[in-house]
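Coordinate inspection notes
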Amino acid sequence: MNSITKTNHEPGQVQTVLELAVNNHAGVMSHIVGLFSRRAYNVEGILCMPVGNGKTSRIWLTVNEDARLEQMIRQIEKLEDVLDVHRHGAGHEVFERVGEFFR
Amino acid sequence: MNKDTTETLTGSQVVVRLLERQGIRRIPGIPGGAILPFYDALSQSKLIEHVLTRHEQGAGFMAQGAARATGEVAVCLATSGPGATNLLTAIADAKLDSIPMVAITGQVPTSMIGTDAFQEVDTYGLTIPITKHNFLVGSARELLEVIPKAFRLAASGRPGPVLVDIPKDVQNERIEVSEWPEPGRRDPVPEADADSIERAAAMINEAQRPILYLGGGVVHSGAAAQSVELAEKASLPTVMTLMALGAMPVDHALSLGMLGMHGARCTNLALEECDLLIAVGARFDDRATGKVSAFCPNAKIIHIDIDRSELDKIKTAHVGIRGDVKQVLGKLLPQVKSNLRQDWLSRVGDLKASCPLQMPGIDDPRTPYGLIRAVADCLDDSAIIATDVGQHQMWVAQAYPLRRPHQWLTSGGLGTMGFGLPAAIGAAMAQPERTVVCFSGDGSILMNIQELATAAEEGVNVKVVLMNNASLGLVFQQQTMFYGQRIFSSKFKGVPDFLKIAEGFGWQTLDLDTASEPKAALAAALSVRGPTFIHASIDRHEQVLPMVAPGAANKDMIGG
């Protein structure tokens with residue numbers, strides 16, 4: 001347990017959905033979530049599936065918005081295996097639809 | 001790809017050939033079970049010399065020493081398990097100081113990965129947070145792509161360490177190779193935003209009290225000359241981080257030397273008054289800024305860095321420019337107006353006169369500052385100056401007249417005791433025509449003392465100057481200053497006979513404590529080629545001053 005992690009589940013908490021295009025091989029997920037965990041920044045939700053011929057994957061992350069988010073995005077963009085990062089607002093459809101499996 | 005005749009080669013032979021084509025001529029490392037196929041292939045190379053170190057951390061820092069002295073990517077080698085874990089500190093150190101390095105490690109055979117096999121450790125997982133990028137290689141064919149890519153990544157953009165972990169079966173796998181990839185080289189630098197450069201030039205032209213703040217990126221990008229040119233054209237008093245020392249000669253009229261925790265009073269006070277801070281390849285490290293909210297409280301900020309994630313990380317820049325600092329300074333220079341800035345330079349001159357760096361004992365070689373000055377008096381600017389970490393490091397940073405980029409090898413970000421000796425050896429092997437001086441302390445030197453053997457074996461021209469206070473001096477100083485003088489675990493009760501140790505390793509020695517003419521003895525010792533160990537006792541109550549307490553504002557300096 002990382003006791004520095006502040007998981008804020010209060011109603012007012014704003015969330016952001018990040019959409020990443022990445023190379024699909026073992027270790028890529030570690031590189032990405034490692035950026036968050038070593039800063040004690042909790043990732044609330046993760047979805048990952050290969051796309052097209054399987055050489056790349058798409059990763060969806062839900063994170064709580066805080067002052068470090070811009071720095072996190074810049075760090076993600078620096079990763080060699082990350083091809084693209086898109087920032088969406090809260091409540092993106094992808095997590096809402098998958099949410100059915102978590103009820 | 002170059003067309004050649006088809007050859008059948010093992011993965012190991014492929015790596016050796018790629019390293020040869022890359023221009024690598026020397027690799028420090030230690031063999032072991034999981035990397036023996038590679039060593040077998042390396043033994044057949046007519047171009048690459050292997051340097052057998054006595055600890056893998058020594059190999060890592062020797063590669064770093066070569067990379068820091070030359071600016072080129074250097075390579076180190078280790079086997080799986082403990083070989084790889086022993087490299088970790090040197091890799092992390094390279095990450096924090098942006099040093100281009102490729103570490104190659106052996107791994108247990110692919111079929112045994114994940115079984116807790118003998119000498120198996122998750123090298124890939126362990127190195128994710130301390131490398132720029134890392135690879136676990138899945139086939140010999142992949143090596144043709146991975147090795148050049150590792151060099152390209154290490155050298156491109158913000159430089160850094162890259163690790164390539166190669167399972168033993170991949171090293172042994174035979175493949176047919178008919179074409180060789182081009183060696184991995186630094187990518188072209190991205191084009192910086194012209195509007196931002198124009199705005200930065202306007203801000204410099206309008207500023208009344210600007211200061212130029214140089215960081216390690218200036219050295220890495222080869223922008224020292226442009227930095228000095230900018231400072232001279234626009235009359236910019238210039239401060240340097242620990243990593244940037246040498247970028248502007250410290251005795252240049254515009255130089256204010258090192259800023260921050262152990263900067264001179266005049267340096268930190270000038271920053272307090274500046275209305276524009278021009279940060280070039282610097283990352284606002286806490287040792288440089290002190291309490292960030294109180295750092296340059298009246299200044300607008302221009303921040304130029306190759307790494308976009310450094311912009312706005314600690315301080316929000318009024319103009320942030322992502323780009324290679326050499327290129328950006330080149331475009332900035334013609335837009336910056338010549339300016340004599342007499343009022344500001346005269347104010348900075350007053351500060352320099354009224355509160356300069358105090359260096360008590362500078363003429364007495366039996367004091368810390370005097371010893372450093374006496375060493376400097378025996379050498380010219382071609383010498384390389386390495387340090388370990390602690391009081392001696394800060395004294396040398398303050399007092400040694402560094403005048404050349406790549407002259408200064410020190411562990412800045414990670415602050416690794418044990419860095420100095422192997423880094424000095426690596427630099428001396430890469431540039432054998434130079435004299436390499438390693439200032440060290442009795443705490444630091446013991447952390448990689450085994451590399452005295454490597455140095456003697458290679459006959460490198462390294463001079464260790466050991467400042468022995470039988471203490472962990474900087475810890476002793478902090479306990480004295482900030483912990484009510486409760487000295488705990490910072491004084492050594494047993495102190496080894498360092499001269500006997502050095503002699504035992506085959507080094508020439510000089511004890512300055514017993515020398516009747518220390519300056520003459522020093523000059524003689526530094527002029528003879530080969531490894532020489534110079535010992536000098538210093539008083540453990542000597543302090544590095546001024547000092548900003550950790551977390552305090554830079555204006556609140558103690559002493560000095």
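Bear in mind the structure is a predicted one, so any value in this text is a computation, not a measurement. (Residues numbered from 1 in each chain as written. Chains lettered and ligands numbered in written order. Predicted model: local features only at pLDDT ≥ 70, side-chain atom pairs only at ≥ 80, totals over all residues. Heavy atoms only, no water.)

Now for the sheet that holds strand β9 (residues 210-214) of chain B. All names here are of chain B. Strand order in the open sheet formed by six strands is β11-β10-β9-β12-β13-β14, with parallel pairing between adjacent strands. Edge positions in the sheet fall to β11 (255-258) and β14 (319-322), since each has one partner strand and no second. Between one strand axis and the next, the sheet turns by 15 degrees as a mean value, whatever way the strands run. For strand β13 (residues 300-305) and β14, the ladder comprises four bridges, and the chain directions are parallel. Considered in β14, the bridge of I304 is made with I321. Against the sheet, helix α13 (residues 325-332) makes contact with β12 (276-280), β13 and β14, and its axis sits at roughly 125 degrees relative to β13, the strand it touches most. (Pairing = 2+ DSSP bridges. Helix = DSSP H or I, 4+ residues; strand = E, 2+ residues; numbered from the N terminus. Axes fitted to C-alpha atoms, helices over the stretch in contact; angles between N-to-C directions. Contact = heavy atoms within 4.5 Å.)

The next subject is the layout of surface pockets. Taken as a whole, the second largest pocket encloses approximately 1,200 Å³ of empty space. Broken down by element, the residue count for the lining of the second largest pocket peaks at five residues, all from helix α2 (residues 69-78) of chain A. Of the residues in the lining of the second largest pocket, the class split is twelve nonpolar, ten polar and 17 charged. Two domains each put at least three residues into the lining of the second largest pocket: domain 1 (2-180) and domain 2 (194-354) of chain B. (1 Å grid on protein atoms, 1.4 Å probe; cavity = no way out; pocket = protein on both sides within 12 Å on 5 of 7 lines; lining within 4 Å. Points joined across faces, edges and corners; volume = space filled by probe spheres on them. Nonpolar A, V, L, I, M, F, W, Y, C, P; charged D, E, K, R; others polar. Domains from an automatic or database assignment.)

This part is about empty space enclosed by the protein. To find leftover empty space, a probe the size of one water molecule is rolled over the atoms. All names here are of chain B. Enumeration according to the criterion identifies two cavities of 30 Å³ or more in this entry. Quantified by volume, the largest cavity comes out at close to 40 Å³. As for the largest cavity, its lining consists of L245, G246, V250, G257, M258, A397, Y400 and L402. Its residues assigned to classes, the lining of the largest cavity shows six nonpolar, two polar and no charged. Taken domain by domain, the makeup of the lining of the largest cavity includes at least three residues from each of domain 2 (194-354) and domain 3 (368-544). Size it by volume and the second largest cavity reaches roughly 30 Å³.

Residue and element names in this part refer to chain B. The strand order across the open sheet formed by six strands is β16-β15-β17-β18-β20-β19, and the pairing between neighbours is parallel. The open sheet is flanked by β16 (408-409) and β19 (508-511), the only strands paired with a single partner. In the sheet, strand β15 (residues 384-387) pairs with strand β17 (residues 436-441) via four bridges, with the strands oriented parallel. Note that in β17 the partner of A386 across the bridge is C438.

What follows deals with α13(B). For α13(B), the full list of buried residues reads B:V325, B:Q327, B:V328, B:L329 and B:L332. If you follow the buried residues of α13(B), they end up packed against α8 (194-206), α9 (216-220), α10 (224-234), β12, β13 and β14 of chain B. (Buried < 20%, exposed > 50% of the residue type's maximum accessible area, 1.4 Å probe, protein only.)

Residue and element names in this part refer to chain B. At a minimum axis distance of 10 Å, the contact between helix α15 (residues 368-377) and helix α16 (residues 391-399) shows a crossing angle of 55 degrees. In this view, α15 runs oblique relative to α16, as classed from their interaxial angle. The handedness of the crossing between α15 and α16 is right-handed. Here α15 contributes P368, Y369, I372 and R373 to the contact with α16, which in turn contributes W395, V396, Q398 and A399. Class assignment for the residues of the contact of α15 with α16 results in six nonpolar, one polar and one charged. (Parallel < 35°, antiparallel > 145°, perpendicular 65-115°, else oblique. Left-handed = near helix turned anticlockwise from the far one by under 90°.)

For the rest of this paragraph, the subject is the nonpolar core. Residues and elements named next belong to chain B. Ranked by size, the top nonpolar core spans 72 residues in total, and within it L332, I385 and F439 carry the most contacts. For this core, the two domains that each supply at least three residues are domain 2 (194-354) and domain 3 (368-544). Residues contacting F439, with those up to four places away along its chain left out, are I372, V375, I385, A386, T387, D388, H392, V396, Y400, V465 and M467. Counting residues in each nonpolar core, the second largest holds 38 residues, with L77, A140, L144 and V164 among its members. (Core = buried A, V, L, I, M, F, W, Y, C linked by side-chain atoms within 4.5 Å.)

Let us now look at the domain arrangement of chain B. Accessible area lost upon the coming together of the parts is a frequently used measure of interface size. Residue and element names in this part refer to chain B. One can read the domain layout of chain B as domain 1 (2-180), domain 2 (194-354) and domain 3 (368-544). Taking the mean C-alpha position of each, domain 2 and domain 3 sit 30 Å from one another. Listed by partner, the interface residues are 13 residues for domain 2 and 17 residues for domain 3. Considering only the side of domain 2, the residues that lose the most area to domain 3 are L242, L245 and H262, jointly responsible for 41% of the buried surface there. Our enumeration of links across domain 2 and domain 3 arrives at one salt bridge. Here D251 ties to R403 by a salt bridge, and the two come within 2.8 Å at their closest N and O atoms. The interface formed by domain 2 and domain 3 holds five residue pairs in polar contact (both at pLDDT 80 or more) in total. Looking at side-chain class alone, the side of domain 2 that touches domain 3 contains nine nonpolar, two polar and two charged residues. (Buried area = accessible area lost by both parts, 1.4 Å probe. Salt bridge = Lys/Arg side-chain N within 4 Å of Asp/Glu carboxyl O. Polar contact = N/O pair within 3.5 Å; in protein donor to acceptor, adjacent residues only side chain to side chain.)

Each partner contributes to the interface: chain B provides 15 residues, whereas chain A provides 15 residues. Carbon and sulfur atoms make up 44% of the area that chain B and chain A hide from each other, which totals about 1,100 Å². When the area that chain B buries against chain A is broken down by residue, the three leading residues are B:I128, B:R308 and B:S309, summing to 41%. The interface formed by chain B and chain A includes five salt bridges. The salt bridge involving A:E80 is made with B:R152; its shortest N-O contact spans 4.0 Å. Across the contact surface, chain B and chain A share nine residue pairs in polar contact (both at pLDDT 80 or more). For the side of chain B that touches chain A, the secondary-structure elements that each account for two or more residues are β6 (133-136) and α6 (140-155) of chain B.

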